[in-house]
Amino acid sequence: MDQAWPESTRDNLRFLCSEVDSQYGWLQAFVSAPTAAMARKLLERKGYAENLCQRIEQACPEARNQKRSHARARFQQSLVEVASGLARLSELARSCLEQLIRVDDVQLVDDVVLVKSLRRVRRGILRSEMSLENGSLSLALKLARSREKLKRDSEGRIRALTGQLKKKRAPAEDLTHLLFVAREISQMGEVLGQLGEAVISATLGQSLNFERYASLTHLVNELGDGSQTAGEMRVDTLAETRSGSRISGIASEKPNARAVEKVSDKGNDKGKSANDKQQGSKAGESGGSKQKGSKQKGSKQKGSKSKDRKTDASKSKGSKSRDRKPTGDLPLTSPEYLAIFKDGLGRKVEEERQGVERWHDIYPGIAPRILSHHQQGDSAGLLIEHLPGMTLEHLLINESSRLNRTAQQVLVETLHSVWTTTRRDKPVTAGHMRQLLKRLSDVYQIHPEFRHCGASLCGREMPSLEALIEQAAGLERSLEAPFAVYIHGDFNVDNILFDPAKQSIRFIDLHRSAYQDYVQDVSVHMVSHYRLQLTDAALRARILALALSFGQQMRRFAHEQRDTTFEWRLALGLARSFATSTRFILDAGLAGRMFNRARFILEHVLGADPERPADYRIPLEELFVD
């Protein structure tokens with residue numbers, strides 16, 4: 001493996017493997033011919049493996065780096081995981097021996113089956129050292145597969161022993177001890193599986209379990225021309241979602257990789273997928289947990305081939321590409337990833353896939369393509385098109401005012417096109433207050449100080465937020481949007497990509513898309529500006545000015561559509577987003593300002609005259625300023 005081993009760790013790992021293998025050799029000998037001397041030999045080795053493990057841990061300081069964003073830290077973490085696993089195997093060997101010692105009738109011990117299982121463990125111990133030393137994925141896979149083999153051994157023995165217990169053919173106490181032995185064998189397999197996954201992670205430079213690796217291998221084989229394997233790919237972690245999905249960039253370690261071109265040449269029969277997110281300029285990152293401030297979000301998907309349909313952005317109405325020259329403010333290009341790998345629970349991945357395919361049907365070109373998908377057990381993985389450009393979050397924080405104004409104008413034009421194309425003249429209610437009530441307990445869990453405790457002002461009792469929400473919910477039922485459009489559903493600034501070279505907008509993280517009130521996307525988008533946690537006052541003022549500008553342009557769109565209740569619905573949408581977003585904000589000052597804005601908006605809208613809806617105007621200029 002092309003990694004720098006910390007000083008003395010290679011030797012200590014070799015000693016550790018030798019020590020644990022010896023202990024299993026003694027356990028194997030005891031099973032075949034039990035003697036007190038052999039039992040003592042093993043029991044007296046307690047502490048040897050633990051000491052060697054501690055030496056390896058102490059020599060790997062970067063293993064404690066929680067981010068593990070570079071290969072050396074990931075390698076050291078894997079090295080520590082292997083050492084800890086070997087130490088755990090040593091504990092299991094002694095535990096197994098302690099149970100066997102308590103068995104009075106040694107004829108009940110199925111020494112043939114047990115010795116076979118112990119031999120599997122010893123092979124695994126040898127493979128753990130060799131695979132980590134050589135970076136051998138094939139050995140690591142064999143090691144990981146030991147989990148299932150030993151599990152089968154254990155389950156077969158448990159069934160046999162349980163049958164004997166039911167028939168009362170042997171002393172129950174002896175059979176109980178042997179059941180514990182069978183359980184320990186299963187635990188040994190679990191540890192070996194974890195060792196294999198640790199080596200896979202060290203080799204690929206990212207935390208991968210066996211199912212994730214199997215999905216990645218399958219997808220890479222579909223992506224490429226057979227000239228590259230998963231072991232020849234670089235896997236860069238881009239994000240982790242709140243719901244457990246992981247998003248990674250897949251790059252080739254070989255020059256001039258052409259896997260994506262090959263996939264593209266196969267036609268557009270592979271659907272697009274909403275990448276969850278991209279951090280910074282890592283365009284095409286998908287799904288979710290990117291971290292916004294302190295929030296991790298997630299989208300998951302399960303891939304599947306979509307129907308044959310045109311999805312070429314240049315031929316579609318989707319990306320709103322404009323024929324204007326680049327502004328000259330172009331940032332550095334993003335890494336040349338072949339694709340984005342997203343994996344997670346099969347159900348979540350399927351939701352993502354379906355969301356993307358709906359966009360292909362309704363408005364082609366706005367979502368990325370799904371290149372391939374694979375189901376492995378309860379997990380699923382997708383390879384997603386890597387999109388050029390950057391998220392609006394990156395743009396707001398790192399790029400010039402000029403480029404941000406350009407991006408916002410392209411976004412507004414794209415939204416006008418999407419909304420006009422997908423419009424359905426059927427009234428719809430977003431249910432902002434219902435959404436707020438549903439999430440209020442999560443808000444109070446993070447910020448218990450927001451809970452109303454009979455506060456009063458100048459002797460006047462102030463209504464609780466719940467009371468305000470109930471009143472606003474009654475008002476909201478009479479405030480239907482005059483038409484529905486197909487919305488993003490989670491329209492935060494880190495779910496929108498801008499490509500400065502093509503002057504185009506693309507959407508990612510699309511699992512919540514639906515026909516709904518466009519005000520929901522407007523309100524979420526504006527608050528996602530406000531909640532960015534920044535210490536630079538001038539930068540923050542510029543970002544809030546852009547949020548205000550966006551709101552004003554949405555006002556003009558509503559006026560053009562003769563949407564007379566837009567201001568009321570926007571007020572309720574903003575109140576919902578300001579309040580619910582605080583559950584992702586630990587900064588007490590920022591969270592407090594957001595929560596107070598939510599309350600102010602509700603009091604403001606409830607004080608307006610519902611008989612004169614066209615006269616109401618939400619004070620955006622007061623809300624989007626610090």
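What counts and how
Every chain's residues receive numbers from 1 upward, in the order its sequence appears when written. Note on the predicted model: pLDDT of at least 70 is required for a residue's local features to be given, and 80 or more for side-chain atom pairs to be given and counted; whole-chain, interface and lining totals, by contrast, use all residues. Computation of side-chain values: all heavy atoms of the structure, hydrogens and water removed. In these notes, a set of buried Ala, Val, Leu, Ile, Met, Phe, Trp, Tyr and Cys residues joined through side-chain atoms within 4.5 Å is what counts as a nonpolar core. Per-residue accessibility, obtained with a 1.4 Å probe over protein chains only, is compared with the maximum for each type, and a residue is labelled buried under 20%, exposed over 50%, and partly exposed between these values. Whether two residues are in contact is decided by their heavy atoms: any pair within 4.5 Å suffices. Any two strands with at least two DSSP-identified bridges between them are counted as paired. Elements are defined by DSSP. Helices are runs of H or I of four residues or more, strands are runs of E of two residues or more, and each kind is numbered from the N terminus. Every axis corresponds to a line fitted to the C-alpha atoms, with the helix fit spanning only the stretch in contact, and the corresponding angles, defined between N-to-C directions, vary from 0 to 180 degrees. Ring geometry is summarised as follows: Phe, Tyr and Trp rings, the Trp one being its six-membered ring, pair when their centres sit within 6.5 Å, and such pairs are stacked at plane angles under 30 degrees, edge-to-face over 60 and tilted between the two. Placement of a charge over a ring requires the Lys NZ or Arg CZ to be within 6 Å of the ring centre, with the centre-to-atom vector within 35 degrees of the ring normal. The pLDDT value tells you how sure the predictor is about a given residue, anywhere from 0 up to 100. Here the term cavity refers to a set of points on a 1 Å grid, laid over the protein atoms alone, in which a 1.4 Å probe fits but cannot get out; the term pocket refers to an open set having protein on both sides within 12 Å along at least five of seven lines, with lining residues being those that place an atom within 4 Å of a point. Grid points are joined across faces, edges and corners, and a volume is the space filled by probe spheres set on the points. Criterion for a salt bridge: a side-chain nitrogen of Lys or Arg within 4 Å of a carboxyl oxygen of Asp or Glu. Within the patch definition used here, like charges are joined within 9 Å and nonpolar side chains (Val, Leu, Ile, Met, Phe, Trp, Tyr) within 5 Å, considering only residues with over 30% relative accessible area and no salt bridge. Computed by Shrake-Rupley with a 1.4 Å probe, the accessible areas treat only the displayed protein chains as cover when residues are assessed. Charge assignment in this entry is limited to Lys and Arg as positive and Asp and Glu as negative, and neither His nor the chain termini are counted. Where a charge sits is defined by one atom per residue type, namely NZ (Lys), CZ (Arg), CG (Asp) or CD (Glu).

Turning to the nonpolar core, a few remarks are in order. With 91 residues, the main nonpolar core has Tyr-518, Leu-574 and Phe-624 as its most contacted residues. Not counting residues up to four positions away in its chain, the partners in contact with Tyr-518 are Trp-419, Phe-483, Val-485, Ile-487, Phe-557, Ala-558, Asp-563, Phe-566 and Arg-569. If you look at the next biggest cluster of nonpolar residues, it comprises 58 residues, including Trp-26, Leu-97, Leu-143 and Ile-200.

As summarised here, the arrangement of the three strands in space is β8-β12-β13, forming an open sheet in which the pairing is antiparallel. With partners counted over all chains shown, the strands left at the sheet margins are β8 (390–391) and β13 (504–507), one partner each. Across two bridges, the pairing between β8 and strand β12 (residues 496–499) is antiparallel. Bridge pairing in β12 places Met-390 opposite Phe-498. Contacting β12 and β13, helix α12 (residues 401–422) runs over the sheet at an angle of about 65° to β13.

Let us now look at the packing of aromatic side chains. Under the defined criterion, the tally for this structure stands at 15 aromatic pairs. Their ring planes at 15° and their centres at 4.2 Å tell us that Phe-450 and Phe-595 sit as a pair that is stacked. With Phe-450 in the loop between α13 (432–446) and β9 (456–457) and Phe-595 in helix α18 (residues 588–606), this pair connects stretches of sequence that are 145 residues apart. Consider the rings of Trp-568 and Tyr-616, whose centres lie 4.9 Å apart with planes at 45°: the pair is tilted. Highlighted residues: Trp-568 in helix α17 (residues 566–581) and Tyr-616 in the loop between α18 and α19 (620–623), separated in sequence by 48 residues. The exposure class of Trp-568 is buried, given its relative accessible area of 1%. Put simply, the rings of Trp-359, Tyr-486, Phe-491, Phe-507 and Tyr-515 touch in pairs and so form one group of aromatic residues. Lying over the aromatic face of Tyr-48, Arg-45 brings its terminal NZ or CZ to 3.6 Å of the ring centre.

Residue alternation in β13 divides its side chains into two sets, Ser-504 and Arg-506 and Ile-505 and Phe-507, and both sets are buried. Pairing of β12 with β13, which is carried by four bridges, proceeds in the antiparallel orientation. Bridge pairing in β13 places Phe-498 opposite Ile-505. The antiparallel hairpin formed by β12 and β13 contains four residues in its connecting segment, where Gln-503 sits at a positive phi of about 55°.

Take the confidence of the model for the chain next. Close inspection of predicted coordinates is inappropriate in any region flagged by low pLDDT. In the predicted model, the chain carries a mean pLDDT of 81, and the fraction of residues at 70 or more is 77%. Confidence over residues 255–334 falls short of pLDDT 50; this stretch has 328 contacts with residues more than four positions distant or in other chains.

For the structure shown, the criterion picks out three cavities of 30 Å³ or more. Residue lining of the largest cavity: 13 residues in total, with Val-113, Leu-114, Arg-157, Val-181 and Ile-185 positioned closest to the centre. Sorting the residues of the lining of the largest cavity by element identifies α5 (111–134), α6 (137–167) and α7 (172–204) as the ones contributing at least two each. Here the lining of the largest cavity takes four residues from α7, the largest share from any one element.

Attention now moves to the pairing of strand β7 (residues 379–384). For β7, the tally of buried residues reaches six of six residues, placing the bulk of the element in the interior. Covered by surrounding structure in β7 are Ser-379, Gly-381 and Leu-383 together with Ala-380, Leu-382 and Ile-384, the residues of both alternating faces. In the sheet, strand β5 (residues 339–345) pairs with β7 via six bridges, with the strands oriented antiparallel. Pairing of Ile-340 across the sheet is with Ile-384, part of β7.

Phi at Ser-8 takes a positive value of approximately 75°, unusual for a residue other than glycine. Looking at where Ser-8 falls in the secondary structure, it is placed in the segment before α1 (9–32). We classify Ser-8 as partly exposed; its relative accessible area is 40%. Of note in this structure, Arg-562 is not a glycine but carries a positive phi near 55°. Inspection of the secondary structure puts Arg-562 in the loop between α16 (537–560) and α17.

All right, on to the pattern of salt bridges then. Under the defined criterion, the tally for this structure stands at 25 salt bridges. A salt bridge links Glu-50 to Arg-94, with the nearest nitrogen and oxygen atoms 3.2 Å apart. With Glu-50 in helix α3 (residues 48–58) and Arg-94 in helix α4 (residues 71–101), the pair connects residues that are 44 residues apart, well separated along the chain. A relative accessible area of 19% means that Glu-50 is categorised as buried.

Now for a positive patch on the surface. On the surface, Lys-116, Arg-119, Arg-123, Lys-142, Arg-145, Lys-149 and Arg-152 cluster together into a positively charged patch. At the level of secondary structure, the elements contributing two or more residues to the positive patch comprise α5 and α6. With four residues, α6 is the single largest residue contributor to the positive patch. Structurally, Arg-123 can be placed in helix α5. You can call Arg-123 partly exposed: its relative accessible area is 41%.

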